[in-house]
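Given next are the chains, with one letter for each unit.
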Amino acid sequence: MINQNSITFTVWEGDPHLKILLEPEAFILTVNPGEELTFSVKNASLGFSWTIRHERDYIQLFPATLGRNGRIEIFRNGSSSSELDF
């Protein structure tokens, strides 16, 4: 389920793909034209926030205040595709 601690990246048709480097494990995910990718945090600490750093070829995405036992669920085009523990 997508919640208030979510962040979504959308690439429109005709735009170049977007690479996202999800930290701290450095997972690389690609958003292709016509797709969206949402990162949704479960078990987040109060005051959760994301930090984004733009590099030339990709975006680094940091779960800045994840806390213990945090999980990130990844949705591709609205459908859950995977979960990661941090």
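Here is what the cut-offs are and how they apply
- Residues numbered from 1 in each chain as written.
- Predicted model: local features only at pLDDT ≥ 70, side-chain atom pairs only at ≥ 80, totals over all residues.
- Heavy atoms only, no water.
- Salt bridge = Lys/Arg side-chain N within 4 Å of Asp/Glu carboxyl O.
- Helix = DSSP H or I, 4+ residues; strand = E, 2+ residues; numbered from the N terminus.
- Buried < 20%, exposed > 50% of the residue type's maximum accessible area, 1.4 Å probe, protein only.

J.: Sorry, what's going on with the pattern of salt bridges here?
T.: Opposite charge on two side chains permits them to pair, given that their charged atoms come into close proximity. Taken as a whole and judged by the stated rule, the model has three salt bridges. Across the salt bridge formed by Lys42 and Glu73, the nearest N and O atoms sit 3.5 Å from each other. Note that Lys42 is positioned in strand S4 (residues 35-42) and Glu73 in strand S7 (residues 71-76), a separation of 31 residues in sequence. The partly exposed category is assigned to Lys42, whose relative accessible area is 30%. By relative accessible area, which is 7% here, Glu73 ends up buried. Between Glu55 and Arg53 there is a salt bridge, with the nearest N and O atoms lying 2.6 Å from each other.

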